[in-house]
Number of protein chains: 2
Amino acid sequence: MTARGGIDLGGTKIQTAIVDENNEVLGEAKRQTPTSGGPKDVAAEMTVALREAAGAAGVETADLAGVGVGSPGDADEETGVVSGARNLPGWEGSFPLAEHLSKELGTAVRVGNDVQVAVDGEFHLGAGAEFQSLLGVWWGTGVGGGLVLDGRAWLGRGAAAEFGHVVVRRGGPKCSAGHPGCVEAYAGRWSMERRAREEVDGGEKTKLFELMRKHDRDRLTSGIWERALEHGDELAEKLIARAERALGIAIASAINLVDPEAVILGGGMGSRFADRALPVISEQATPYLFDPDDPPAIRAASLGDLGGAIGAALLVTRAS
Amino acid sequence: MTARGGIDLGGTKIQTAIVDENNEVLGEAKRQTPTSGGPKDVAAEMTVALREAAGAAGVETADLAGVGVGSPGDADEETGVVSGARNLPGWEGSFPLAEHLSKELGTAVRVGNDVQVAVDGEFHLGAGAEFQSLLGVWWGTGVGGGLVLDGRAWLGRGAAAEFGHVVVRRGGPKCSAGHPGCVEAYAGRWSMERRAREEVDGGEKTKLFELMRKHDRDRLTSGIWERALEHGDELAEKLIARAERALGIAIASAINLVDPEAVILGGGMGSRFADRALPVISEQATPYLFDPDDPPAIRAASLGDLGGAIGAALLVTRAS
């Protein structure tokens, strides 16, 4: 049996997939991430979601070659422990996620960093498959990153590719982690929503929050931002353009330092806005590039919503 | 015969060294870089300087295992051609430096990027010898960089580690190459001198240019900056502090992206001011670090004035 499982554990949803030896999807399932409780409650939902995907694929989880998990927070590939996953309920501390899930599912479980796992997926199977080195830029609630150099994930001392904390402007506004002027402080969806609220408090008009309520959301999702743009909302346009500008500058810094063959844009915001954002990001980056005549390829992630889960399933391949 | 030659080709001086199999220096020589003519005139001075070093070491250049050259501009390790070395006279185009020198010296010649070669020297023999990954920050007329990852120079597509063009402030002042707000625009000696002249034009008082004339210089060398600091010159203090701040922020961005084990500070300014600059740079970087509790080691280059030539001689070892 060579089917494998993949779980993309996000702050909003848990996406699972079962893939065969060619990484073709045999079954998938999605569940909401619990918003209360603790790691065990989250793990219970992960188990349910993976069992659903296995059911759709017609396999038992115990018959899988293994399951990979792309996790937020600090995911230790060696020990399988996940720590400080602050966008998950009650997960400030450490939890032995791989060990726990392994008992529930009856197969080996490996964990990895959610963004690195998604970038690995794009590298092996998606928009990055033709390249040997790439920078993944994951534009979502925060701004994450992943580096592949010479065909392998570059993790540094364990915290490399924190692209979101590349500085765009000394002394600029702070991101949710308190770092001043980093790209996440301009482009992360969390920071963009904060800025939108500040602008509204300052008297700006926008349809953003009206659309949020109308669509029964409690935050400005990427879909809400898109609808606001469709309505010609000026504040939404201004803040998206500001995010694109920041991404362009931080990407230029990263290119000057690492000089990868390609930059892959993914994440909830990145995937939704790639068509408009990629040309703007390229244009913004150009004046800052050491060699503007020879930029790397810059592309949208191509694996879609299942990319994180498919990338997570690759953790099983790498381990064997 | 296992002696090797190394040439550090700079815009001001040509430093040469002959080393034995243990990289101990057997002989050295230094000459001024020609300020007029073209590549052949520069190559002629390089030949004279290397012959002097060989003479001091008691060897013939034809008996050397080879000679390595650390060169400015775009130095192609494969072809031995150096292009666009704009701080050398008449060197806007391409010149087959390795081939030319090889005929003159009667031994194999290899060329490499000057900063990468110096960083390799520190990695193998100097301040970086205990680490497997490092970022070299070469603070001089410009701001250069070198990356060693997993024990090997990381060159990307050929232009990696252009640390000087990491952005510190969107839309900031331009460096000599026209990139806005990059670290070189704040910290490169060329940019610092331009800023000092602007401040003087704006009515600021400083001893910098008086000291320059007194010591018979036509530019603000690192020695002049040091003397001005010793005189308590406020403008010099302000501009050095501004450079240190920019270096700290750009180093933070680079750490967040690459997460190396160490950062090594070298170059004319870096080596001269390391004692005061290293603590300031660390302090400035901290608020911008993704993981401020676990920064990489940050150290001064330790090979001194001969580091570039000794590093260049390593090009011969790598080739064999």
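Residues numbered from 1 in each chain as written. Chains lettered and ligands numbered in written order. Predicted model: local features only at pLDDT ≥ 70, side-chain atom pairs only at ≥ 80, totals over all residues.

Draft legend 1. Here's a closer look at the overall build of chain A. Helices and strands together make up the secondary structure of chain A, namely 10 helices and 13 strands. Computed over its C-alpha atoms, the radius of gyration of chain A comes to 19 Å, within 12% of the 20 Å expected for a compact globule of 320 residues. Its C-alpha atoms give chain A principal-axis dimensions of roughly 55 × 45 × 35 Å. (Helix = DSSP H or I, 4+ residues; strand = E, 2+ residues; numbered from the N terminus. Rg over C-alpha atoms; globule rule 2.2 N^0.38 Å.)

Draft legend 2. Expanded view of the sheet that holds strand E8 (residues 109-113) of chain B. Residue and element names in this part refer to chain B. With respect to topology, five strands assemble into an open sheet ordered E3-E2-E1-E4-E8, the strand pairing being mixed. Edge positions in the sheet fall to strand E3 (25-32) and E8, since each of these pairs with one other strand and no more. The average undirected angle you get between the axes of adjacent strands in this sheet is 15 degrees. Looking at chain direction, strand E4 (residues 67-71) and E8 are connected through five bridges and run parallel. Across the sheet, glycine 68 pairs through a bridge with arginine 110, a residue of E8. (Pairing = 2+ DSSP bridges. Axes fitted to C-alpha atoms, helices over the stretch in contact; angles between N-to-C directions.)

Draft legend 3. A look at the relation of the copies chain A and chain B. At an RMSD of 0.1 Å, chain A and chain B line up after a rotation of 180 degrees and a shift of 0.0 Å along the axis. Viewed as a symmetry operation, the transformation between the two copies matches a two-fold axis. The C-alpha atom lying nearest the rotation axis in chain A is that of Arg169(A); the distance is 2.1 Å. Both copies present the same face, since 100% of the interface residues in chain A are matched by interface residues at the equivalent positions in chain B. (Least-squares fit on C-alpha atoms with pLDDT ≥ 70 in both. Contact = placed C-beta atoms within 7 Å.)

Draft legend 4. Local environment of the sheet that holds strand E6 (residues 82-83) of chain B. Here three strands make up an open sheet; going across it, the order is E5-E6-E7 (chain B) and the pairing antiparallel. If you trace the sheet from one side to the other, it starts and ends with strand E5 (74-75) and strand E7 (94-95) of chain B, each paired once.

Draft legend 5. Seen up close, the pairing of strand E1 (residues 4-9) of chain A. Residues and elements named next belong to chain A. Of all six residues in E1, six are buried; the element is thus mostly enclosed. The pairing of E1 with strand E2 (residues 13-19) spans six bridges and is classified as antiparallel. In the sheet register, leucine 9 faces E2, and the bridge partner there is isoleucine 14. Hairpin connection between E1 and E2: a loop of three residues separates the two successive antiparallel strands. By the bridge criterion, four bridges tie E1 to strand E4 (residues 67-71) in an arrangement that is parallel. Paired with aspartate 8 across the strands is glycine 70, a residue of E4. (Buried ≥ 20, exposed ≤ 12 C-beta atoms within 10 Å, placed from the backbone.)

Draft legend 6. Representation of the packing of helix H8 (residues 234-258) of chain B against helix H9 (residues 267-285) of chain B in the model. Residue and element names in this part refer to chain B. Two elements in contact, H8 and H9, have axes separated by 8 Å at closest approach and are oriented at 50 degrees. One element, H8, and the other, H9, form an angle in the oblique class. In the crossing of H8 with H9, the sense of the turn from one axis to the other is right-handed. Of the residues in H9, those touching H8 at Ile240, Glu244, Arg245, Leu247, Gly248, Ile249, Ile251 and Ala252 are Phe273, Ala277, Val280, Ile281, Gln284 and Ala285. Per-class residue counts for the contact of H8 with H9 are 10 nonpolar, two polar and two charged. (Parallel < 35°, antiparallel > 145°, perpendicular 65-115°, else oblique. Left-handed = near helix turned anticlockwise from the far one by under 90°. Nonpolar A, V, L, I, M, F, W, Y, C, P; charged D, E, K, R; others polar.)

Draft legend 7. Representation of unusual backbone geometry within the structure. With a phi close to 65 degrees, Ala161(A) is a non-glycine residue in the positive phi region. One can find Ala161(A) in the loop between strand E11 (152-153) and helix H4 (183-187). The backbone of Asn23(B) shows a phi angle near 65 degrees, a positive value even though the residue is not glycine.

Draft legend 8. Representation of the domain arrangement of chain A within the structure. All names here are of chain A. The domains assigned to chain A are domain 1 (4-119 + 306-319) and domain 2 (131-302). Summarising the inter-unit geometry, the C-alpha centres of domain 1 and domain 2 are found 26 Å apart. Counting residues at the interface gives six residues for domain 1 and 12 residues for domain 2. Tallied by class, residues from the side of domain 1 that touches domain 2 come to three nonpolar, three polar and no charged. (Domains from an automatic or database assignment.)

Draft legend 9. Just the packing of helix H1 (residues 39-57) of chain A against helix H2 (residues 97-105) of chain A, in detail. Residue and element names in this part refer to chain A. One way to put it is that H1 packs onto H2 with a least axis distance of 10 Å and a crossing angle of 45 degrees. As summarised for this structure, H1 and H2 are arranged oblique, according to the angle between their axes. Judged by the twist between their axes, the crossing of H1 over H2 is right-handed. Between H1 and H2, the contacting residues are Ala43, Met46, Thr47 and Leu50 on the first element and Leu97, His100, Leu101, Glu104 and Leu105 on the second.

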